[in-house]
Amino acid sequence: MSLSDSQQRRPQRQSVFSGADPACIDNDGHGENGDSSDPSLPPPTPAAAGQASRHWRDVFWLCVFLLHLLVFGFALALLGINRFNRADRLNIDRFTNLTGGANFSQASFVQYLKQTDTAELTETYWPFYGVAGGASVLLAWAWLSLLRIRASQMMKVSIHILTTYLAVVSVLCFWAEHFFWGVVFAVGAALQFLYVMSVLDRFPFTMLVLQKAVKMVLAIPDLMRVAYAFMIIMLCWMILWSFGISGVIASSLDDSGCWWLLVIFSVSLFWTGAVFCNTVHVIVSGMVFLVLMHGNVSAASMPSKPLLKSLRYAVTTSFGSICYGSLFTAAIRTLRWKIRGIRSKIGSNECLLCCVDFLFHLVETLVRFFNKYAYVEIAVNGKGFNSSARDAWELFQSTGIEALVAYDCSGAVLLMGIILGGLLTGTCTGVWTWYKRSDKLIMVGSTAILMGMILVGLAVVVIESAVTSIYVCYAEDPFLIQRWDAEFFDQMSEVLHERLQYRSARARQVMDQRFDQLPDESHV
């Protein structure tokens, strides 16, 4: 599939983008490139554009997310208050101790009540999470600040240090006799090393894409302010979350009960953080797409207050789609990266290749309906999540850009930076916890890592949004990228040509092997 195929698709796709959003139409009723759409179609008029209001999408998931916030917020507040200043203030422990097992007698419970004066309190652990929140915000701020001057070096540091850091944390866990977590971090270090080795040849192109994404973000200063604003909002929710989690750790539950509650509340925080990150993703994608379509942020054809319009759509009509996609997208993307890395290094082991191919095709089917490029379509078209994901993936496959997207590792590199930020946050919190309450080190440290990953992720997602918007624009109309950066356009086109040739050669090789395995009819 050549670039000419993408250019042939341009008129039809531009009419979709121009008719879906009034902000994407200029005053003359033409598309965002300044020229008219498909000549066979009547040009959109300002009146028609004004009537093309967006509809609410995936409302069910919007209601589920808001209900989840209310229920979990109430539960967190209840658990935190129960142990604030006084043990069992709300008399909840009589219910929690019922989960301690059938052998928990009434006499044991009475003995426990006599010891409540010396029981642990919420404020015993809440300061630890204050350190985690402060360290996370500092790391996120440093990431965005250094982005302006040392972007390439930061990416390289994230890649090379993460494996070493995971290995060091694993050794420390073994030294502290936390064998399970030592094995977890050791396996993580091994997988990280194998993945980096398997995709090492892709890093030059990945760094090129990331540098151009940084260039785009720095050209729109308002995008940084959006990231800072959502960090503050997320930090406010984390204050309540850590308050409740501190009450859980200080409660009379045994370790098993505490861990179950920590897992449940951590999943809740992960979903909330993913929703916030993807909301920023939609806002930034809408802005970047507009800038690429109009040439630059100060172009006369740019709509008025584009950032506010993008923000309004993201937190109203498209918010349900964001909540829905945030449940599954991150896990599927991570699984896809790992399977691709392993698949490329299997070699001639046919049995293992067959198993990995099965998983690969299964994940590829899921990617068709859950991918991060859906957020660009949501920002521009305002469609539902599954429709946006399917349209984006079909666009990539029909234009051949999917080969370029699969070759790029920018998402994985940014994820490494997020994980490193989480580990640094967990280390800062864990050191203090070790001196104060070493028996609760793993509980506090693991939840602090999650807090750090989410807050650093809110900073990183600005760059990821720019990357996804660049790819969607390149698939929609390569001229948009050529007008923005001609040298980058040539480099992308060259890599795309190489990847398409590679896939074609590999397909011929597979077919030749299959034909060679067929029985020779002359000997039958």
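Because the structure is a prediction, the values reported are computed rather than measured.

**Q** Explain the overall build of the protein chain here, please?
**A** In terms of regular secondary structure, the protein chain is built from 21 helices and 0 strands. For the protein chain, buried positions account for 51% of its 524 residues. Sequence separation of at least 24 residues holds for 79% of the intrachain contacts in the protein chain that already meet a minimum separation of 6. Accessible surface, the protein chain: about 24400 Å² in total, of which carbon and sulfur atoms supply 65%.

**Q** In this structure, what is going on with helix α19 (residues 441-476)? I would like to understand it.
**A** It helps to recall that an α-helix has 3.6 residues per turn; residues three or four apart then point in one direction. Helix length check: α19, at 36 residues, gives a terminal C-alpha distance of 50 Å against a target of 52 Å (1.5 Å per residue), a fit within 8%. At L458, α19 is bent by approximately 40°, the largest bend along its length. Most of α19 sits inside the fold, with 34 of its 36 residues counted as buried.

**Q** What is the right way to read a negative patch on the surface from this model?
**A** Taken together, the side chains of E487, D490, E494 and E498 make up a negatively charged region of the molecular surface. Position of E498 among the secondary structure elements: in helix α21 (residues 486-516).

**Q** Can you help me understand unusual backbone geometry in this one?
**A** Backbone phi values are negative for most residues with the exception of glycine, while trans is the configuration of most peptide bonds. One non-glycine residue with positive phi stands out, namely D58, at about 50°. For D58, the location among the structural elements is in the loop between α2 (46-51) and α3 (59-82). With phi around 50°, K305 is a residue other than glycine that occupies positive phi space. Examined against the element boundaries, K305 turns out to sit in the loop between α11 (255-294) and α12 (306-315).

**Q** Looking at this model, I keep getting lost on the packing of helix α6 (residues 122-146) against helix α10 (residues 222-250). Mind explaining?
**A** Helix packing geometry: the angle between the two helix axes and the distance between the axes. Interhelical geometry of α6 versus α10 gives an angle of 160° and a closest axis separation of 8 Å. Relative to α10, α6 is oriented roughly antiparallel. Between α6 and α10 lies a crossing whose hand is right-handed. In terms of residue class, the contact of α6 with α10 is made up of 17 nonpolar, 6 polar and no charged.

**Q** Where do I start with a nonpolar patch on the surface in this structure?
**A** Together, F174, F179, V183, V187, L191, F193, L194, M197 and L200 give the surface a local cluster of nonpolar side chains, amounting to about 830 Å² of exposed area. Per element, the largest residue contribution to the nonpolar patch is 7 residues, and it comes from helix α8 (residues 179-198). Among the structural elements, V183 can be located in helix α8. Classification of V183 by relative accessible area gives partly exposed; the value is 45%.

**Q** What exactly am I supposed to notice about the environment of I245 here?
**A** Within the element layout of this structure, I245 appears in helix α10. Expressed as a C-alpha distance, the spacing of I245 and V444, which sit 199 residues apart in the sequence, is 9.1 Å. Other than its neighbours up to four places away in sequence, I245 contacts L76, Y129, L262 and F265.

**Q** Even after reading the chapter, I still don't get the pattern of salt bridges, so can you show me in this structure?
**A** Pairing between side chains becomes possible if they bear opposite charge and their charged atoms approach one another. For the structure on display, the rule yields 7 salt bridges. Of the charged contacts in the structure, one is a salt bridge between K212 and D485, with a shortest N-O distance of 3.0 Å. In this pair, K212 is assigned in helix α9 (residues 203-218) and D485 in the loop between α20 (478-484) and α21, connecting sequence segments 273 residues apart. Put simply, E464 and K372 hold a salt bridge, and the shortest N to O gap is 3.4 Å. With E464 in helix α19 and K372 in the loop between α14 (350-369) and α15 (374-381), this pair connects stretches of sequence that are 92 residues apart.

**Q** Which parts of the structure should I look at to understand the packing of α6 against helix α18 (residues 410-436)?
**A** Running from N to C, α6 and α18 point in directions that differ by 150°, and their axes come no closer than 9 Å. As the angle between them shows, α6 and α18 are arranged roughly antiparallel. Relative to α18, α6 is oriented so that their crossing is right-handed. Of α18, the residues touching α6 (which contributes P127, F128, V131, A132, A135, S136, L139 and W143) are L414, G421, L424, T425, C428, T429, W432, T433 and K436.

**Q** Is there a simple way to explain the nonpolar core in this structure?
**A** Across soluble globular proteins, nonpolar side chains have a tendency to be buried as a group. Counting 135 residues, the largest nonpolar core has W143 and Y471 as its most contacted members. When residues of this core are assigned to their parent elements, the largest contribution, 23 residues, is made by α19. Other than its neighbours up to four places away in sequence, Y471 contacts F205, V209, Y373, F396, I401, L404, V405, D408 and M492.

**Q** In this structure, what is going on with α6? I would like to understand it.
**A** Over its 25 residues, α6 extends 36 Å from the first C-alpha to the last, a length consistent with the 36 Å expected when each residue adds 1.5 Å. Taken together, the buried positions of α6 are occupied by T122, Y125, F128, Y129, A132, G133, A135, S136, A140, W143 and L144.

**Q** Help me understand the packing of aromatic side chains, please; the structure alone is not making it clear to me.
**A** Aromatic ring pairs are described here by two measures, namely the spacing of the ring centres and the angle between the planes. As enumerated under the stated definition, the model contains 22 aromatic pairs in all. With centroids separated by 6.2 Å and ring planes inclined at 50°, the aromatic side chains of F174 and F179 adopt a geometry described as tilted. On the accessibility criterion, F174 (34% relative accessible area) is partly exposed. For the ring pair W393 and F396, a centre distance of 6.3 Å and an interplane angle of 75° mean the geometry is edge-to-face. Residue W393 and its partner F396 are both found in helix α16 (residues 385-399); the two are separated by 3 residues, about one turn of the helix. For the residue pair W393 and F396, the accessibility class agrees, reading buried in each case. Three or more aromatic residues link up through ring pairs in this structure, and these residues are F60, W61, Y324, Y375 and F385. When the ring centre of Y313 is taken as reference, the NZ or CZ atom of R54 above it lies at 4.0 Å.

**Q** How should the state of the cysteines be read in this particular structure?
**A** Each disulfide consists of one covalent bond between the sulfur atoms belonging to two cysteines. For the structure shown, the criterion picks out 0 disulfides. Just so you know, C323 is unpaired, no disulfide at all, and the nearest cysteine sulfur is the one on C63, 9.7 Å from it.

**Q** Explain the confidence of the model for the protein chain here, please?
**A** Reading fine detail from the predicted coordinates is not recommended where pLDDT is low. When pLDDT is averaged across the protein chain, the result is 79; 74% of the residues are at 70 or more. Mean pLDDT across the elements of the protein chain bottoms out in α2 (34) and peaks in α3 (94). Taken as a whole, residues 1-51 scores under 50 in pLDDT and shows 77 contacts with residues more than four places along the chain or in a different chain. Scored below 50 in pLDDT, residues 98-107 makes 3 contacts in the model with residues more than four places away or belonging to other chains.

**Q** Please clarify how the environment of F479 should be interpreted in this entry.
**A** Mapping F479 onto the fold places it in helix α20. Judged by relative accessible area, which is 38%, F479 ranks as partly exposed. C-alpha of F479 to C-alpha of L292: the two residues are 187 residues apart in sequence and 9.9 Å apart in space.

Criteria and cut-off values
Residues numbered from 1 in each chain as written. Predicted model: local features only at pLDDT ≥ 70, side-chain atom pairs only at ≥ 80, totals over all residues. Heavy atoms only, no water. Helix = DSSP H or I, 4+ residues; strand = E, 2+ residues; numbered from the N terminus. Buried < 20%, exposed > 50% of the residue type's maximum accessible area, 1.4 Å probe, protein only. Contact = heavy atoms within 4.5 Å. Areas by Shrake-Rupley, 256 points an atom, 1.4 Å probe, with all protein chains shown as cover. Expected span 1.5 Å × (residues − 1). Bend = angle between axes of the 7 residues up to and from the residue. Patch = residues over 30% accessible without salt bridge, like charges linked within 9 Å, V, L, I, M, F, W, Y side chains within 5 Å. Salt bridge = Lys/Arg side-chain N within 4 Å of Asp/Glu carboxyl O. Lys, Arg positive; Asp, Glu negative; His and termini not counted. Charge placed at Lys NZ, Arg CZ, Asp CG, Glu CD. Axes fitted to C-alpha atoms, helices over the stretch in contact; angles between N-to-C directions. Parallel < 35°, antiparallel > 145°, perpendicular 65-115°, else oblique. Left-handed = near helix turned anticlockwise from the far one by under 90°. Nonpolar A, V, L, I, M, F, W, Y, C, P; charged D, E, K, R; others polar. Core = buried A, V, L, I, M, F, W, Y, C linked by side-chain atoms within 4.5 Å. Phe/Tyr/Trp six-rings, centres within 6.5 Å; stacked < 30°, edge-to-face > 60°. Lys NZ or Arg CZ within 6 Å of the ring centre and 35° of its normal. Disulfide = S-S within 2.5 Å. pLDDT = per-residue confidence, 0-100.

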